[in-house]
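Residue-level structure breakdown
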Amino acid sequence: MVKIIADSTCDLSKELIEQYDIDLIPLYIHLGEEEYQDGVNVTPEDIYQWSEENKSTPKTAASSIEDVINVLNPYVEAGQEVVFFTISSEMSTEYNVVNMAIDELECEDLVTVIDSRNLSTGIGLLVLEAAEMAQQGKTAKEIESVMEALKPYVRSSFVVDTLKYLHRGGRCSATSALVGGIFKVKPKIVVKDGKMDAGKKYRGSLEHVLSEYTKEMEKQLLSARDNHVFITHSGCDESIVSEIKGYLEGLSRFKQIHVTRAGGVISSHCGPGTLGVLFIEKEKQYGPYDSKFDKNRNGIMEAEEKAAENSYIQRLAEIDKGPDDYDEEDDSGEDF
């Protein structure tokens, strides 16, 4: 059976990790001079405390090549296929590190790396889909093909309670943070083209804002794939999380509604009180385009022809995704 591995930014719960037999590799979090591993020896609460005491945002870093080699080696030695998910390559060097480790081990034929183009449980949604396919006996190539097709349909967004952490991390100006605090502005952060972008700005109490944010997505939620939806938060009141979960249950759409805590890497950048509802929209049918992409007219879709078709379909999906009231771009270039 194909082994599924993901980095710690996928924010899956311990229960889901055990249920689907997923291996995790942690990223690093630096609190001053001290180095910790995400989800291993540091908690979001530790991070918040350090950040408040030091008026600073922790630094985060990708896994080391040695870390990745140690995780992969047992499966490579056993000749077992692996599908490895990473946080978006636009946000971190993790994807490059994994590929360098694969080069060191010379195991390109066994290990398939998927750049999720996402973060948090936006990755987690793909990981669960892949794990279910692995349990069904699918090959790594079959899993990769489906994941590449699903990636444009993953909807990842969060509402941030405080701009303080984004400001400290260089992701918004001091003026924006000050104005946001005075007027209780809570921005929606959306993953678009593998990067974090600013979306709609809400005003009011966190409870009111999160309710409005979720209900605005009702049309998309009702047309989503029905197997999984995530409520992922970085430390919201239980009553608020319960209200959001109750709303999703009332849609009678999803077979499984997962509530997870954001890990240390995500929490370092967004701060406490952040919450997102993440799901995969159903794919629209754009094809088939076989005849159009069958360049040599032999009736067989060669690998390069199929790749061109998949690329075209993904571009159509991105166009269909449309804008989401983006009015600020995060161009800080800071990696997770």
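Residue indices follow the written sequence of each chain, beginning from 1 at its first position. Per-residue local features of the predicted model are confined to residues with pLDDT of at least 70, and side-chain atom pairs are confined, for both listing and counting, to 80 or more; whole-chain, interface and lining totals are unaffected and use all residues. Remark: hydrogens and water are excluded; side-chain values derive from all non-hydrogen atoms of the structure.

Turning to the packing of helix α3 (residues 65–77) against helix α4 (residues 94–105), a few remarks are in order. Here an axis means a line fitted to C-alpha atoms, over the contact stretch when the element is a helix, while the angle between two N-to-C directions is reported on a 0 to 180 degree scale. By definition, any uninterrupted DSSP run of H or I lasting at least four residues is a helix, any uninterrupted run of E lasting at least two residues is a strand, and each is numbered from the N terminus. Remark: α3 packs on α4, axes separated minimally by 9 Å, with the N-to-C direction vectors making an angle of 55 degrees. Comparing their axes, α4 and α3 come out oblique. As α3 packs across α4, the resulting crossing turns out to be right-handed. Taken together, the residues of α4 that come into contact with α3 (itself represented by Ile-65, Val-68, Ile-69, Leu-72, Asn-73 and Val-76) are Val-97, Val-98, Met-100, Ala-101, Ile-102, Glu-104 and Leu-105. Note that Gly is not counted as nonpolar here; it falls among the polar residues with everything else outside the nonpolar set of Ala, Val, Leu, Ile, Met, Phe, Trp, Tyr, Cys and Pro and the charged set of Asp, Glu, Lys and Arg. Of the residues contributing to the contact of α3 with α4, the split by class is 11 nonpolar, 1 polar and 1 charged. The labels follow the angle: roughly parallel below 35 degrees, roughly antiparallel above 145, roughly perpendicular from 65 to 115, and oblique for the rest. Crossing handedness: left-handed means the near helix sits turned counterclockwise from the far one by under a right angle, and right-handed means the same turn made clockwise. Residue contacts are defined here by distance: any two heavy atoms, one from each residue, within 4.5 Å place the two residues in contact.

Moving on: unusual backbone geometry. For Lys-55, which is not glycine, the phi dihedral falls at a positive 50 degrees. Examined against the element boundaries, Lys-55 turns out to sit in the loop between α2 (44–54) and β5 (59–61). Even without being glycine, Arg-117 reaches a positive phi, approximately 60 degrees. Mapped onto the elements of the fold, Arg-117 is located in the loop between β7 (111–115) and α5 (121–135). Taking the relative accessible area as the measure of exposure, Arg-117 reaches 28% and is therefore partly exposed. Think of it in three bands: with a 1.4 Å probe and only protein chains considered, a residue is buried below 20% of the maximum accessible area for its type, exposed above 50%, and partly exposed in between.

What follows is about the pairing of strand β11 (residues 195–203). Side-chain direction in a regular strand flips from residue to residue, so the side chains alternate between the two faces of the sheet. When DSSP finds at least two bridges between two strands, those strands are taken to pair. With 7 bridges connecting them, strand β10 (residues 185–192) and β11 associate as antiparallel partners. Residue pairing across strands places Ile-189 opposite Ala-198, the latter belonging to β11.

On to the pattern of salt bridges. Side chains that carry opposite charge are capable of pairing whenever their charged atoms lie near each other. Salt bridge, as used here: a side-chain nitrogen of Lys or Arg that lies within 4 Å of a carboxyl oxygen of Asp or Glu. In the structure shown here, the tally under the stated rule is 13 salt bridges. A salt bridge links Arg-261 to Glu-45; the shortest N-O distance between them is 3.0 Å. Of the two residues, Arg-261 sits in strand β13 (residues 257–261) while Glu-45 sits in helix α2, which places them 216 residues apart along the sequence. Given a relative accessible area of 34%, Arg-261 falls into the partly exposed group. With its nearest N and O atoms 3.0 Å apart, the salt bridge here joins Lys-151 to Glu-148. Taken together, the shared-partner salt bridges connect Lys-3, Asp-21 and Asp-23 into one network.

Note: pLDDT gives the predictor's confidence per residue, expressed from 0 to 100. Residues at a pLDDT of 70 or more form 81% of the protein, whose mean pLDDT is 86. Note that pLDDT drops below 50 for residues 171–183; the model gives that stretch 19 contacts with residues more than four away or on any other chain. When the criterion is pLDDT under 50, residues 325–334 qualifies, and its contacts beyond four places in sequence or with other chains add up to 25 contacts.

What follows is about the pairing of β7. β7 sits mainly inside the fold: 5 of its 5 residues count as buried. Burial along β7 is two-sided: the residues Val-111, Val-113 and Asp-115 and Thr-112 and Ile-114 are all buried. Relative to β7, strand β6 (residues 82–86) runs parallel, the two sharing 5 bridges. If you follow Thr-86 over to β7, its bridge partner there is Asp-115.

Further remarks concern the side chain of Ser-120. Checked against the element boundaries, Ser-120 lands in the loop between β7 and α5. In this structure Ser-120 comes out as buried when scored by relative accessible area, which is 0%. What Ser-120 contacts, discounting residues up to four positions off in sequence, is Thr-9, Cys-10, Asp-11, Phe-158, Thr-232 and Ile-266.

The sheet built from 3 strands is open, its strands ordered β4-β3-β5 with antiparallel pairing. Each end of this open sheet is capped by a strand with a single partner; those strands are β4 (34–37) and β5. Strand-to-strand twist in this sheet, taken as the mean axis angle between neighbours without regard to direction, amounts to 25 degrees. Pairing of strand β3 (residues 28–31) with β4, which is carried by 4 bridges, proceeds in the antiparallel orientation. Looking at β4, one finds that Leu-31 is bridged to Glu-34.

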